[in-house]
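Results of the structural survey
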Amino acid sequence: MDKCYMCGNSLEVIRDKPYEYTESGLNVLLLGITQYRCGSCEEEYAAIPAPEKLHKIIGLEICRNRKALLLPEEIKFLRKEMNLKSKELASSLGVDESTVSRWENGRKRVGEGSDRLLRTLYLSCTEEEQDRRNILEVLKSFPHHRKEIGERQAISLNPQDWLLPDCACAV
Ligand SMILES: [Zn+2]
């Protein structure tokens, strides 16, 4: 990449600055990503390798390690990663479609049971087979009767977190 898509001017390379991966809809910081900045129109670009694998790792990070109730944007992210429409997720969880919409726009807090079932769905679709038995351990690690959704702390990822040499996705 050497020319700005917007104005055609040449781009300056930026290294060593965490990339705010706002495209995910989440607070995710990607470390070690080369970025480009147009000195003329100030447009910024980044080359994100293996985005599918990256999304999988972000989803796993949310499901395993976010101990508070899921945030609205986390629910939306997980649903989209599973390629489910709101209606499909709603019928899988046994709730109304409007309930899913309200979780995702922040007007209603997700319940304890739906939170755990949604994580279980994602993990069972996504975890490698040898890790699936750990789903129970993940669920047991959450506090009971959670009342609060999470804080928007950044998920920071290094390239090696998703670009493993033996991963077929990392091309
Ligand atoms: Zn430009």
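As the structure is a computational prediction, the values presented were derived from the model and not from experiment.

1. Describing the overall build of the protein chain
- Tallying secondary structure elements over the protein chain gives 7 helices and 6 strands in all.
- Going residue by residue from the N terminus, the α and β elements of the protein chain occur as β-β-β-β-β-α-α-α-α-α-α-β-α.
- If one aligns the C-alpha atoms of the protein chain with their principal axes, the spans along those axes are about 55 × 35 × 25 Å.
- Sequence separation of at least 24 residues holds for 65% of the intrachain contacts in the protein chain that already meet a minimum separation of 6.
- As presented, the protein chain carries roughly 10100 Å² of accessible surface, and 47% of it is formed by carbon and sulfur atoms.

2. Thoughts on the UniProt feature "domain: HTH cro/C1-type" (unreviewed entry) in the protein chain
- Under the feature "domain: HTH cro/C1-type" (unreviewed entry), the UniProt entry names residues 75–107.
- Across residues 75–107, the secondary structure splits into 70% helix and 0% strand, with the terminal C-alpha atoms separated by 13 Å.

3. Structural notes on the pairing of strand β4 (residues 35–38)
- Judged from the 4 bridges that link them, strand β1 (residues 11–14) and β4 form a sheet pairing that is antiparallel. What sits directly across from Val13, in β4, is Tyr36.
- By the bridge criterion, 3 bridges tie β4 to strand β5 (residues 44–46) in an arrangement that is antiparallel. Each bridged residue has a counterpart across the sheet, and for Arg37 the counterpart in β5 is Glu44.
- Linking two consecutive strands that pair antiparallel, namely β4 and β5, is a turn of 5 residues; a positive phi of about 65° is found at Glu42 within it.

4. A few points about a positive patch on the surface
- The grouping of Arg102, Arg107, Lys108, Arg109 and Lys147 at the surface amounts to a positive patch.
- Topologically, Arg102 is positioned in helix α4 (residues 97–104).
- Using a relative accessible area of 33% as the deciding quantity, one classes Arg102 as partly exposed.

5. Thoughts on the coordination of the zinc ion
- Distances from the zinc ion to its protein donors, Cys4 (SG), Cys7 (SG), Cys38 (SG) and Cys41 (SG), fall at 2.2 to 2.3 Å.
- For the zinc ion, the 4 donor atoms are set out with angles of 99 to 120° between them, so the coordination reads as tetrahedral.
- Site description for the zinc ion: donor spacing in sequence, C-x2-C-x30-C-x2-C. On the criterion of sequence distance, the pair formed by Cys4 in the segment before β1 and Cys41 in the loop between β4 and β5 is long-range, its members being 37 residues apart.

6. Some points on the sheet that holds strand β6 (residues 155–157)
- Spatial ordering of the open sheet is given by β2-β3-β6, a layout of 3 strands whose pairing is mixed. Every interior strand has two partners, whereas the edge strands, β2 (19–20) and β6, have only one.
- Pairing between β2 and strand β3 (residues 28–30): 2 bridges, direction antiparallel. Its bridge partner being in β3, Glu20 is matched across the sheet by Leu29.
- Strands β3 and β6 of the sheet are contacted by helix α1 (residues 51–65), whose axis makes an angle of about 140° with β6.

Conventions we followed
Residues numbered from 1 in each chain as written. Predicted model: local features only at pLDDT ≥ 70, side-chain atom pairs only at ≥ 80, totals over all residues. Heavy atoms only, no water. Helix = DSSP H or I, 4+ residues; strand = E, 2+ residues; numbered from the N terminus. Contact = heavy atoms within 4.5 Å. Areas by Shrake-Rupley, 256 points an atom, 1.4 Å probe, with all protein chains shown as cover. UniProt positions renumbered as here; feature names shortened; annotations may be inferred. Pairing = 2+ DSSP bridges. Patch = residues over 30% accessible without salt bridge, like charges linked within 9 Å, V, L, I, M, F, W, Y side chains within 5 Å. Salt bridge = Lys/Arg side-chain N within 4 Å of Asp/Glu carboxyl O. Lys, Arg positive; Asp, Glu negative; His and termini not counted. Charge placed at Lys NZ, Arg CZ, Asp CG, Glu CD. Buried < 20%, exposed > 50% of the residue type's maximum accessible area, 1.4 Å probe, protein only. Donors = N, O, S within 2.8 Å, 3.2 Å for Na, K, Ca; no water. Tetrahedral: all angles 85-135°; square planar, octahedral: opposite > 155°, others 65-115°. Axes fitted to C-alpha atoms, helices over the stretch in contact; angles between N-to-C directions.

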